[in-house]
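An overview of the molecular structure
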Amino acid sequence: MSIGVLLVTHPGIGEALLNNASELIGACPLRVRCMDIPFQGDTTQLQQKVLENARKLDDGGGVLILTDAFGATPSNIACQLTREMLANVVSGLNLPMLIRVFNYASDDLQALTHKAAEGGIRGIQVSHASETSE
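Structural notes, computed from the coordinates. Please read these numbers as outputs of a predicted model, since none were measured by experiment. (Residues numbered from 1 in each chain as written. Predicted model: local features only at pLDDT ≥ 70, side-chain atom pairs only at ≥ 80, totals over all residues. Heavy atoms only, no water.)

**Comments concerning the state of the cysteines**
Going by this rule: Note on disulfides: each one is a pair of cysteine sulfur atoms within 2.5 Å. To sort residues, take the accessible area from a 1.4 Å probe on protein chains only and compare it with the maximum for the residue type: under 20% means buried, over 50% means exposed, and anything in between is partly exposed.
Under the counting rule described, the total for this entry stands at zero disulfides. Cys34 carries a free sulfur, and the closest cysteine sulfur to it, the one in Cys28, is 8.9 Å from it. What makes Cys34 partly exposed here is its relative accessible area of 23%. Left without a disulfide partner, Cys79 is nearest to the cysteine sulfur of Cys34, which lies 18 Å away.

This is the structure:
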């Protein structure tokens, strides 16, 4: 059983990250769907659509749901699904997170969830402007 991955994001973010990650690693090794959550919309209807898409991805191993911003509508909708089915949610989606998920495609849901969070965190680095003395 492989894990399904559902990207639930503000418009355009999930698709752009999926396209870039797939291009960088050569192919997408998991079943992935993207769902854009519009800024204005019926939350109940959107939640039902997200649930339907998540269920289509689940072959018994569960679904990893990646969202762009914790506390925003996409994340709130996704978190509700954890009550309906075997699904984990990781917020803060970035390109390193998605690449890490693809690189560990054979992991189970719990391990893949951990790898996603770890990849997202490790992908954040700070570079400082060099200070010059005169």
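Picking up where we left off.
**Some words on the pairing of strand E1 (residues 4–9)**
What counts is decided by this rule: In this description a helix means any DSSP run of H or I spanning at least four residues, a strand means any run of E spanning at least two, and both kinds are numbered starting from the N terminus. Any two strands between which DSSP finds at least two bridges are classified as paired. Viewed with both strands pointing away, a crossover whose connecting path from the first strand over the helix to the second turns clockwise is right-handed.
The buried count for E1 comes to six of six residues, which makes it a mostly enclosed element. Here E1 shows no split at all, with Gly4, Leu6 and Val8 on one side and Val5, Leu7 and Thr9 on the other all buried. Of the pairings in the sheet, the one linking E1 to strand E2 (residues 31–36) comprises six bridges and is parallel in character. Within the sheet, the bridge partner assigned to Val8 lies in E2 and is Met35. Considered for its hand, the β-α-β crossover made up of E1, helix H1 (residues 13–25) and E2 is right-handed.

**Points about helix H4 (residues 95–103)**
The line we're drawing: In what follows, a contact means two residues having at least one pair of non-hydrogen atoms within 4.5 Å. Counted as a polar contact is a pair of N or O atoms within 3.5 Å, where, for protein atoms, one must be capable of donating a hydrogen and the other of accepting one, and residues adjacent in sequence contribute only when both atoms are in side chains.
When H4 is considered as a whole, its buried residues turn out to be Met97, Leu98, Arg100, Val101 and Phe102. Tucked inside the fold, the buried residues of H4 contact E1, H1, E2, strand E3 (63–67), strand E4 (87–91) and helix H5 (109–122). Residue Asn94 occupies the N-cap position of H4, its side-chain oxygen lying 2.9 Å from the main-chain nitrogen of Met97.

**Thoughts on the pattern of salt bridges**
Here is the rule: The term salt bridge refers to a pairing of a side-chain nitrogen on Lys or Arg with a carboxyl oxygen on Asp or Glu at a separation within 4 Å.
In the structure shown here, the tally under the stated rule is three salt bridges. Arg31 is paired through a salt bridge with Asp59; the nearest N and O atoms lie 3.7 Å apart. One end of the pair, Arg31, is in strand E2; the other, Asp59, is in the loop between helix H2 (43–57) and E3, and 28 residues separate them in sequence. Residue classification places Arg31 among the partly exposed positions, given a relative accessible area of 30%. Taken together, the salt bridges that share partners define one network made up of Arg100, Glu118 and Arg122.

**Considerations on the packing of aromatic side chains**
Which entries qualify depends on this criterion: Only rings of Phe, Tyr and Trp enter the pairing, Trp through its six-membered ring, and a pair is recorded when the two centres are within 6.5 Å. The plane angle decides the type: under 30 degrees is stacked, over 60 is edge-to-face, the rest tilted. Consider the ring centre and the ring normal. A charge sits over the ring if Lys NZ or Arg CZ is within 6 Å of that centre and within 35 degrees of that normal.
For the structure shown, the criterion picks out zero aromatic pairs. Of note, Lys115 hangs over the ring of Tyr104, and the distance from its end group to the ring centre comes to 4.3 Å.

**Concerning the sheet that holds E1**
Applied cut-off: Every axis corresponds to a line fitted to the C-alpha atoms, with the helix fit spanning only the stretch in contact, and the corresponding angles, defined between N-to-C directions, vary from 0 to 180 degrees.
Taken together, the four strands give an open sheet; going across it, the order is E2-E1-E3-E4, and neighbouring strands pair in parallel fashion. Two strands bound the open sheet, and with one partner strand each, they are E2 and E4. Along the sheet, successive strands turn relative to each other by an average axial angle of 20°, direction set aside. Along the sheet, H2 contacts E1, E2 and E3; its crossing angle with E2, the most-contacted strand, is approximately 175°.

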